[in-house]
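Coordinates in review
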Amino acid sequence: MKPHHRRAVYAGSFDPPTNGHLWMIRHAQAMFDELIVAIGTNPDKQATYTLEERKAMLVDITAEFPNVRVTQFHNRFLVDFADSIQADFVVRGIRSGSDYEYERAMRYINADLQPAITTVILMPPREFAEVSSTMVKGMVGPQNWQKTIRRYVPDAVYRKILADHGCLAED
């Protein structure tokens, strides 16, 4: 009997992808046979980067993981998307108590919608606990912003942000 293929979905807006997202991807892909990184559309957020730009950044930063595929979904509940691609797991990250409360509630709602899909929650290490895409975007502009954000985003994302702001890469 062939073992069950373990497929998981890790979703977010990834606007832009951060080192925290990369940590989540690195650890989740090690846990599953296949990890689908899915760019979701959040109607409450105005994206800075286009869907194509976010997808290109994610493809670049996940290239080292042969079991990771990047895709997108729109106007669907995450668990319904997961079910449509035959994923048994949804991977979520928590950085704070408020994240925990939100993810706990979503876990129960998701179980109501798709009882066969298991939510797996990962907690990134402390150096990524305060990192968010919104925080990174908010740091762009003031003096020395390039040096400041470099520590929070993968190299490909850093180069994209610099290029978008007419800066040269500082290597």
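Residues numbered from 1 in each chain as written. Predicted model: local features only at pLDDT ≥ 70, side-chain atom pairs only at ≥ 80, totals over all residues. Heavy atoms only, no water.

Let us look at the pairing of strand S1 (residues 7-12). For S1, the buried fraction is high: five of the six residues fall into the buried class. In this structure, S1 lies alongside strand S2 (residues 34-40), joined through six bridges in parallel fashion. Counterpart to Val9 in the pairing with S2 is Ile36. In this region the chain leaves S1, passes through helix H1 (residues 19-31) and returns to the parallel neighbour S2; the handedness of that crossover is right-handed. Here three bridges tie S1 to strand S4 (residues 89-93), and the two strands are oriented parallel to one another. Across the sheet, Ala8 pairs through a bridge with Phe89, a residue of S4. (Buried < 20%, exposed > 50% of the residue type's maximum accessible area, 1.4 Å probe, protein only. Helix = DSSP H or I, 4+ residues; strand = E, 2+ residues; numbered from the N terminus. Pairing = 2+ DSSP bridges. Right-handed = clockwise from strand over helix to strand, strands pointing away.)

Turning our eyes to something else, we now look at helix H2 (residues 51-61). Within H2, burial applies to Arg54, Met57, Leu58 and Ile61. Down the axis of H2, the sector holding all buried residues measures 95°, keeping them to one side. Those residues of H2 that are buried are in contact with H1, S2, strand S3 (68-73) and helix H7 (155-164). (Arc of directions from axis to C-beta. Contact = heavy atoms within 4.5 Å.)

This part is about the packing of H2 against H7. Each pair of packed helices can be summarised by the angle the axes make with each other and by the distance between the axes. The contact between H2 and H7 brings their axes to 8 Å, and the two run at 145°. Packed against H2, whose contacting residues are Glu53, Met57, Asp60 and Ile61, the element H7 presents Ala156, Val157, Arg159 and Lys160 at the interface. Classifying every residue of the contact of H2 with H7 by side-chain character gives four nonpolar, no polar and four charged. (Axes fitted to C-alpha atoms, helices over the stretch in contact; angles between N-to-C directions. Nonpolar A, V, L, I, M, F, W, Y, C, P; charged D, E, K, R; others polar.)

Mapped onto the present numbering, the UniProt feature "binding site: substrate" (unreviewed entry) falls on Ser13, Lys45, Leu78 and Arg92. Position of Lys45 relative to the elements: it lies in the loop between S2 and H2. Note on placement: Leu78 falls in helix H3 (residues 78-84). Apart from residues lying up to four places away in sequence, Leu78 is in contact with Val9, Ala11, Phe73, Val90 and Arg92. (UniProt positions renumbered as here; feature names shortened; annotations may be inferred.)

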